[in-house]
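Overview (structure and organization)
Here are the chains, one letter per residue:
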Amino acid sequence: MRQPFLINWRFVTQLEKILRIDNVDIQSLLGFNDSNLKPIEERFSTIVTVRGENVYLKGKSEEITVIEKVFKEMIYVLNTTDQLDPSDVTTIIDLTGSGKEIIDDEEYDNIILYSKKDVIKAKTPTQTKYFESVKKNDICFAIGPAGTGKTYLAVAFAVSALKKGMVQRIVLARPAVEAGESLGFLPGDFRDKIDPYLKPLYDALQDMLPSEQLRNYLENGIIEIVPLAFMRGRTLNNAYVILDEAQNSTTMQMKMFLTRLGPNSKAIITGDITQIDLPSKAQSGLMQVKEILKNVDGVGFIYFNRNDVVRHKLVKDIIDAYDKFVNGNGNG
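Here we summarise the structure given alongside this text.

Scoring rules and cut-offs
- Residues numbered from 1 in each chain as written.
- Predicted model: local features only at pLDDT ≥ 70, side-chain atom pairs only at ≥ 80, totals over all residues.
- Heavy atoms only, no water.
- Helix = DSSP H or I, 4+ residues; strand = E, 2+ residues; numbered from the N terminus.
- Buried < 20%, exposed > 50% of the residue type's maximum accessible area, 1.4 Å probe, protein only.
- Pairing = 2+ DSSP bridges.
- Axes fitted to C-alpha atoms, helices over the stretch in contact; angles between N-to-C directions.
- Contact = heavy atoms within 4.5 Å.
- Salt bridge = Lys/Arg side-chain N within 4 Å of Asp/Glu carboxyl O.
- Core = buried A, V, L, I, M, F, W, Y, C linked by side-chain atoms within 4.5 Å.

**A word on unusual backbone geometry**
With phi around 60°, aspartate 34 is a residue other than glycine that occupies positive phi space. Examined against the element boundaries, aspartate 34 turns out to sit in the loop between helix 2 (26-30) and helix 3 (38-43). On the accessibility criterion, aspartate 34 (35% relative accessible area) is partly exposed. The residue asparagine 238 is not glycine, and still its phi comes out positive at about 50°. Tracing the chain through its elements places asparagine 238 in the loop between strand 8 (223-227) and strand 9 (239-243).

Next comes the structure, spelled out in structure tokens:
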């Protein structure tokens, strides 16, 4: 009777886990003829099976924990150096086994996207809350001063979701209202007039995607960058939708934008309520929506402040100086 009991006890100590591999080229990760898996198979008794973008692990729980860390390190090394071979994997296994990890779990979990030049991740506590809110909610508002990463991270969230196959397209919108100028005031045809308003969104995408891939996405409508007025009458399914500079949207425009969402879509709305350029009689849709949707499930609000500024260190001082001036504490 003891032998079956022993076999059963050994069976329940076995753990099965599925790792989702994303933000990386799976073929490059595994290597030619799965050569990058061989050091793992040789070092551990755990059974490793790869199907599509999922890695299935079956073995001892302690080993699976280590192997999971090894895969995280492999993804990080490949995305930051553009190369990975069996000798790299062996080094990663040795480092991980000795507790000398290249990237710790917390830092890895904060990675949003591997871009062309760098790893895009949450850098401040508020950015981390932003990341968590976006994962939790279908609609997220990011409100705060310039330089806090609201728009840049929103685009990174969208590109990451597109790469993972979570959505089929990205739509980026901005109100065509800036510094008191009207479209008619600007030179050129219609495209020439609206492009300056949309340039910050192009800049973010160019940081995150190879030029040829971005051009392909734009030409095929996988990524759209449009003035907010062009959103009217549309229903966006399987899409990641971003409204930037939302403080310059009117109440009706904000309602119109929010009601464009279709099934399996997410939206991020960013804005700075201290930089409203609307005519004096028009009410900012962003100011109003804070009260209208503050208690709606599935809608998150994240508020940034000057401590979250990640641009040049002088930006914080500039924001402080303007705040003091507006509040009557300056010398102006």
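**Structural notes on the sheet that holds strand 3 (residues 54-60)**
Pairing is antiparallel across the open sheet formed by three strands, whose spatial order is 1-3-2. The sheet is open, and its two edges are formed by strand 1 (14-20) and strand 2 (47-51), each paired on a single side. On average, each strand axis in the sheet is inclined to that of its neighbour by 15°, with strand direction left out of account. Taken strand by strand, helix 4 (residues 61-81) contacts strand 1, strand 2 and strand 3, and its axis lies near 150° from that of strand 3.

**Some details on the pattern of salt bridges**
This structure, assessed with the given rule, holds 13 salt bridges. In this structure, the salt-bridge partner of glutamate 68 is lysine 17, at a minimum N-O distance of 2.8 Å. Here glutamate 68, found in helix 4, pairs with lysine 17, found in strand 1; they are 51 residues apart in sequence, far enough to count as distant. What makes glutamate 68 partly exposed here is its relative accessible area of 21%. Among the salt bridges present, the one from arginine 174 reaches aspartate 244, with a minimum N-O distance of 2.8 Å. Placement of arginine 174 in strand 7 (residues 169-174) and of aspartate 244 in the loop between strand 9 and helix 11 (251-258) is noted, with a sequence separation of 70 residues between them. Sharing partners across several salt bridges, the network here consists of Arg169, Glu224 and Arg234.

**Some words on the nonpolar core**
The biggest cluster of nonpolar side chains holds 35 residues, and the ones touching the most others in it are Tyr130, Phe157, Leu205, Ile223 and Tyr240. A per-element tally of this core places helix 8 (residues 150-163) first, with nine residues. Grouped together as the second largest cluster of nonpolar side chains are 30 residues, Tyr76, Val77, Leu78 and Ile93 included.

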